[in-house]
Amino acid sequence: MLTALSSQVAFAAEKAEIKEEEIERISVVGSNIKRAADVSTLPITVMSASDIENSAAVSGDELLRSIPQMGSVNFGETTGSSNVNDARGDVGSFNLRGLGAGNTLVLLNGRRMVNHPGTQSKSGANKVPVNTVNSNTLPVSGLRSLEVLRDGAAAIYGSDAIAGVVNYALDSEYVGSKVSLRYGESQGTPLNETTFSYLGGLELNEGRSNLVGSVTIYNRNGMMATERPYSASHDRRQYPGLPEEFVGDSQLDNRSSDTPWGEFSSSSYGTFHLQPESMGDCDAGGADGASGALGLDGVCVVGESVSGSAGSKPGGDVKFDRGTTRPLSSDAQRINFYTHFTHQVNDDVEFFAEGIYYQAELTNQSEQNHNGSKHRFNIAADAFYNPFDEKVTLRKYRPTDIGPRTVTVDDTSYRVLAGFKGYMGEWDWESAAFYSAAETNDASTRIDINAFEKAVNSTDESTAYNVFGGGDINNPNTIGNRPLVSKSITDQFLIQAHTDSTTSLASIDFKASNSEIFEMPAGDAGLALGVEYRYEDYTSDRSKYVDGSLPFTDYKGVVNESSLYGSSATTDASASRSVTSVFAELILPLIDSGDQYAEVQLAARYENFSDGGDALKPKVALFYKPTNWLSMRASYAGGFKVPGLQQSSEEASMPRRSSKYDPVLDDTYAVIDNRQGNSNLAPEDSVNTSFGLIFEPLENLTFTVDYWNIEQENLVFLAPYETVLAHDYVLRVDGGAGNPNVIRDEDLVASQVNNRYINASSQELSGLDFGVVYDFETSFGDFEFNVNAAYLTKYETSVDSLSATVLEAQKDLVKYPNLEDVEVAGVGDLIKQDGNPEWRAKSSLNWRFNGWGAGVSLNYVSEFVDTSTNATVDDEKVFLPIDSFTTVDVYGSYKVSNDTLLDGSYIRIGVRNIGDEEPPVADNYWHGYSGDYHSNRGRYLYMNLSKTF
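Treat the numbers as computed from the prediction; the structure is a model and nothing was measured.

1. Examining the overall build of the chain
Next, step 1: The number of helices and strands found in the chain is ten helices and 45 strands.
Next, step 2: Taken over 949 residues, the chain has a buried fraction of 56%.
Next, step 3: Summarising the internal contacts of the chain: among those between residues at least 6 apart in sequence, 72% fall at separations of at least 24.
Next, step 4: Accessible area of the chain: about 37,400 Å², with a carbon and sulfur share of 54%.

As structure tokens, this is what we get:
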């Protein structure tokens, strides 16, 4: 009996030991096979909770910017544009390797996240609308780790993991409570940020269940562009520090000719504008004309009889400076909630569930829009404020006296997930289903052109609006101190324009792995198998003022589907797709003898898209460790990316308007780029290869270097509309009718460029990653030194047919003189072109000793050029240089560990950019600096307080 009992006890102990070993198997990013250890087979950047804290980031957007392998951040308010289509709210994007948003797969606890409903153009030539996961959806506090797989992973996680994978791991096992409060401010400005967070966890059911929850509340008070010298004015011709050859260059004057002084035409004056009479050169209404005859107080007329056709447009003296009206950083509020629950059903099965909720509101204001060429109308001779006693056509006008244009963007998203995982023999298995959705509601104060035309033409003073008042005669380039029009007048035509967009993602999956599927001479082989089904959709409900419900008829009888003052028509859109995928992964040990170890990873994934065909993509990765101080790794991965739902929806029409140079008229003015969907788009193919070395000369010192290369074919392409305008010019000079996609009026003014997405491009990128980690202990504390650097060696995009035509024509400037200053952007060698710096790096040194801590870090972005502005030096065209940008951050901290009430308290004080370095001035950016790469915060002081109990 005792022998039998002893045998049973021994067997139970052995079974428990085996089970404990199974539980210790872990998942490593880049593989679905759970095993006992990570052998660094793939290039991975891991930020632990302490690394995240040391970054001093207060948002997901700032956290990603601290990773050198991330490219430009194109989403969010960094663009500085106040177009209704650019007001995307509290959004940050993912752009691993600078390949463009939409090429990085983003996971939360190993499963993909829903895309944000807003769109933005990819960098480079492929200016197509793309989606991205919103990096601000998840809080920075409460993250257990952030893992970046810097390698193609289409066969492992999904065919769209072209550049790599970003995986967020939230703390799902925390027990206790932690309360944190953080306050930070940009020195010398009104900008300040406050963050409150709570993390709590408890065990239930005698330890069989665990519940974790966190909530983070964030508030930001923004600042106007006038708070910084580089953004205070759009006229940067005399900005300090400009290279000598660019000082005074008119290309650096980005003030708008669409002003409150207006541009009009009539039979008596031809095309004319208004200006303060103190400037002279007046036709009428001022000192050089019939003074006061028109009843324009301090304002006079400048028409063709004085200044000629070119001078009749508002010149530099009355151009409107939009830098004086726009926010550099908007007001924002955000709440993040996360909860995770686990329950041990039995020794082999565990139930898990999680939920996340995110809500944010971003508000800003700017100047009112101008009308554009599609919203011109006639003003009757008997209109109350018409002083000319004849019909006048309003051509351009910016109504600054009705108050600012306000924009409020509400973003929400949520995810609910439930699943089971466990063991079945030697197999680890897991299955889960989730549903996630995101919604953006964009509301802005705008003008209904139909109602505005009636008010301008009113003969009744109580309802009439005056477009002939001009601006402030003492501050002609700004809103100045001109009194606002009464609310009883503006209520006639001011409306709230809404854009409501949603995305959703539903998924169910099953996967299983066995790290000992069969035995090989060098060890046990591992196998993973899985299936997944997901459904995703997108809808956009545009305002009735732009979707064609309320059209406007201009002075020529031409119908415009949009009645939103200055905006082109944009249709509602919706699209959906389903994706079915199966995958298999095999890890084969090749050598395991003493210091030497080698293994190969083989993987394949088949995906079938309801709207984009199917694909089978492989991955092969090799890891070899010939000695205990050297390891080598290499991989080959195929990728397959179907066009985004916004790209492939025939209903989608996404106009963007900005001022561009038109060589046909040799003039710069606002032109609408109307981007149209195409249901016949084919998928994009890619290949990602890499090779790396790991040196470990000491136990606590590691050097890594990795080379990577990404080739993409059949890319969805959209020619920059500057190139389309130049192509139209070439065709016209050659005697043709021009490019049919450029819509011009009888005066050859281009009102719109119709651009349709096509598969017509390819690109290749490559680079090197460098890493150093050195930990050492001393009698006065523990030190940790890190370096993470990325070097871009190649970024080339193929030349499309339109660009090729323009580039060839530029070789003969005698025949095509207006092409001299045209820059054919987005094709050829793109390194250092409007971004894409060669080097990005971050290094840090941290110290810990008896609860005390301190650290210093350096952030570096190398120089690049702004191709929108050029000069000729020694008969050679050079672009405006954007200098390198280096900032230094410091912090100090102390954690209380004693038996008092302060036990578990923590304080941290830090300064980001302690040298108060200004971002280098740039031209082709709304705020005078590259917000994609550089920060506007200047010296930023912050303090963290927390207590754990």
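2. Points about the sheet that holds strand E18 (residues 377-379)
Two modes of strand pairing occur in sheets, parallel and antiparallel, and in both the strands are linked by backbone hydrogen bonds.
Next, step 1: Reading across from one edge, E14-E13-E12-E19-E18 is the order of the five strands in this open sheet, with antiparallel pairing throughout. Looking along the sheet, the strands with just one partner apiece sit at the ends: strand E14 (299-302) and E18. Direction aside, the axes of adjacent strands within the sheet are offset by 35° on average.
Next, step 2: Here three bridges tie E18 to strand E19 (residues 392-396), and the two strands are oriented antiparallel to one another. Bridged to Asn-378 within E19 is Thr-393.

3. Some remarks on the packing of helix H9 (residues 721-733) against helix H10 (residues 801-809)
Geometry of a packed helix pair, given as the angle between the helix axes and the separation of the axes.
Next, step 1: Packing of H9 against H10 leaves a shortest axis separation of 9 Å and a crossing angle of 60°. Looking at the two axes, H9 sits oblique to H10. H9 and H10 meet at a crossing whose hand is left-handed. Contacts from Thr-723, Val-724, Ala-726, His-727 and Val-730 of H9 reach H10 at Leu-802, Ser-803, Thr-805, Val-806 and Ala-809.
Next, step 2: Of the residues in the contact of H9 with H10, the class split is six nonpolar, four polar and no charged.

4. Some remarks on the pattern of salt bridges
Next, step 1: Applying the stated rule across the entire model yields 38 salt bridges.
Next, step 2: With its nearest N and O atoms 2.9 Å apart, the salt bridge here joins Glu-430 to Arg-111. Of this pair, Glu-430 sits in strand E21 (residues 427-447) while Arg-111 sits in strand E3 (residues 111-112), and the two are 319 residues apart along the sequence.
Next, step 3: Assessed through its relative accessible area of 7%, Arg-111 is described here as buried.
Next, step 4: Salt bridges linked by common partners bring Glu-532, Arg-534, Glu-536, Arg-577, Arg-605, Glu-607 and Asp-611 together as one network.

5. So, H10
Next, step 1: Where H10 is concerned, the buried positions are Ser-803, Val-806 and Ala-809. All buried residues of H10 project into a common sector of 130° when viewed along the axis, lining one side.
Next, step 2: Elements in contact with the buried residues of H10: H9.
Next, step 3: By the N-cap criterion, in which a side-chain oxygen at the helix start approaches the backbone nitrogen of a residue two or three places on, H10 is capped by Asp-800, the distance to Leu-802 being 3.2 Å.

6. Section: the pairing of strand E31 (residues 667-676)
Here is the key point about a regular strand: its side chains alternate between the two faces of the sheet.
Next, step 1: By the criterion of burial, E31 is predominantly enclosed, with seven of the ten residues buried.
Next, step 2: Of the pairings in the sheet, the one linking E31 to strand E35 (residues 750-756) comprises five bridges and is parallel in character. Residue pairing across strands places Asn-674 opposite Asn-754, the latter belonging to E35.

7. Points about the state of the cysteines
Next, step 1: Applying the stated rule across the entire model yields one disulfide.
Next, step 2: In this model Cys-282 forms its disulfide with Cys-300; the gap between the sulfur atoms is 1.9 Å. As the torsion about the S-S bond is roughly -60°, the Cys-282-Cys-300 disulfide counts as left-handed. Here Cys-282 is found in the loop between strand E13 (270-276) and E14, whereas its partner Cys-300 is found in strand E14, with 18 residues between them in sequence. Here Cys-282 and Cys-300 have matching classes, each one buried.

8. With respect to helix H6 (residues 449-456)
Next, step 1: If you check which residues of H6 are buried, you get Ile-449, Ala-451, Phe-452, Ala-455 and Val-456. Looking down the long axis of H6, one finds its buried residues gathered within 160° of arc, a one-sided arrangement.
Next, step 2: Of the surrounding secondary structure, the elements contacted by the buried residues of H6 are E18, E21 and strand E24 (552-553).
Next, step 3: The backbone nitrogen of Asn-450 lies 3.1 Å from a side-chain oxygen of the residue at the head of H6, namely Asp-448.

9. Here's the deal with the sheet that holds strand E1 (residues 44-48)
Next, step 1: If you walk across this open sheet you meet the five strands as E1-E6-E7-E2-E3, and the pairing is mixed. The outermost strands of the open sheet, each flanked by one partner alone, are E1 and E3.
Next, step 2: Two elements, strand E6 (residues 143-149) and strand E7 (residues 164-170), share six bridges in a ladder whose sense is antiparallel. What sits directly across from Ser-145, in E7, is Ala-169.

10. What about the packing of aromatic side chains?
Next, step 1: For the structure shown, the criterion picks out 29 aromatic pairs.
Next, step 2: Pairwise contacts between aromatic rings join Phe-377, Tyr-397, Phe-452, Tyr-465, Phe-493 and Tyr-565 into one cluster.
Next, step 3: Over the ring of Tyr-942 we find Arg-182, and its NZ or CZ is 4.3 Å from the ring centre.
Next, step 4: When the ring centre of Tyr-940 is taken as origin, the NZ or CZ atom of Arg-912, which lies over that ring, is 4.4 Å away.

11. Here's the deal with the confidence of the model for the chain
Next, step 1: Counting all residues, the mean pLDDT for the chain is 85, and 90% of those residues have values of 70 or more.
Next, step 2: Scored below 50 in pLDDT, residues 1-23 shows eight contacts in the model against residues more than four places distant or in partner chains.
Next, step 3: The model gives residues 80-87 a pLDDT under 50, and that stretch makes 24 contacts with residues more than four places away or in other chains.

12. Thoughts on the side chain of Thr-45
Next, step 1: By the element assignment, Thr-45 lies in strand E1.
Next, step 2: Within the structure, Thr-45 has its side chain in polar contact with the side chain of Arg-150 (distance 2.8 Å).
Next, step 3: Residues within four places of Thr-45 in sequence aside, it is in contact with Gln-69, Leu-146, Glu-147, Val-148, Arg-150 and Asn-788.

13. As for the nonpolar core
Next, step 1: Counting 33 residues, the largest nonpolar core has Phe-94, Leu-146 and Tyr-168 as the members making the most contacts within it.
Next, step 2: Secondary structure elements with two or more residues in this core: helix H3 (60-65), strand E2 (104-108), E6, E7, strand E33 (701-717) and strand E37 (781-797).
Next, step 3: With residues near it in sequence (within four places) discarded, Tyr-168 still touches Leu-64, Phe-94, Val-106, Leu-107, Leu-108, Asn-109, Ser-135, Leu-138, Leu-143, Ser-145 and Leu-146.
Next, step 4: Grouped together as the second largest cluster of nonpolar side chains are 30 residues, Phe-377, Phe-452, Ile-489 and Tyr-565 included.

Reading guide: rules and limits
Residues numbered from 1 in each chain as written. Predicted model: local features only at pLDDT ≥ 70, side-chain atom pairs only at ≥ 80, totals over all residues. Heavy atoms only, no water. Helix = DSSP H or I, 4+ residues; strand = E, 2+ residues; numbered from the N terminus. Buried < 20%, exposed > 50% of the residue type's maximum accessible area, 1.4 Å probe, protein only. Contact = heavy atoms within 4.5 Å. Areas by Shrake-Rupley, 256 points an atom, 1.4 Å probe, with all protein chains shown as cover. Pairing = 2+ DSSP bridges. Axes fitted to C-alpha atoms, helices over the stretch in contact; angles between N-to-C directions. Parallel < 35°, antiparallel > 145°, perpendicular 65-115°, else oblique. Left-handed = near helix turned anticlockwise from the far one by under 90°. Nonpolar A, V, L, I, M, F, W, Y, C, P; charged D, E, K, R; others polar. Salt bridge = Lys/Arg side-chain N within 4 Å of Asp/Glu carboxyl O. Arc of directions from axis to C-beta. Polar contact = N/O pair within 3.5 Å; in protein donor to acceptor, adjacent residues only side chain to side chain. Disulfide = S-S within 2.5 Å. Phe/Tyr/Trp six-rings, centres within 6.5 Å; stacked < 30°, edge-to-face > 60°. Lys NZ or Arg CZ within 6 Å of the ring centre and 35° of its normal. pLDDT = per-residue confidence, 0-100. Core = buried A, V, L, I, M, F, W, Y, C linked by side-chain atoms within 4.5 Å.

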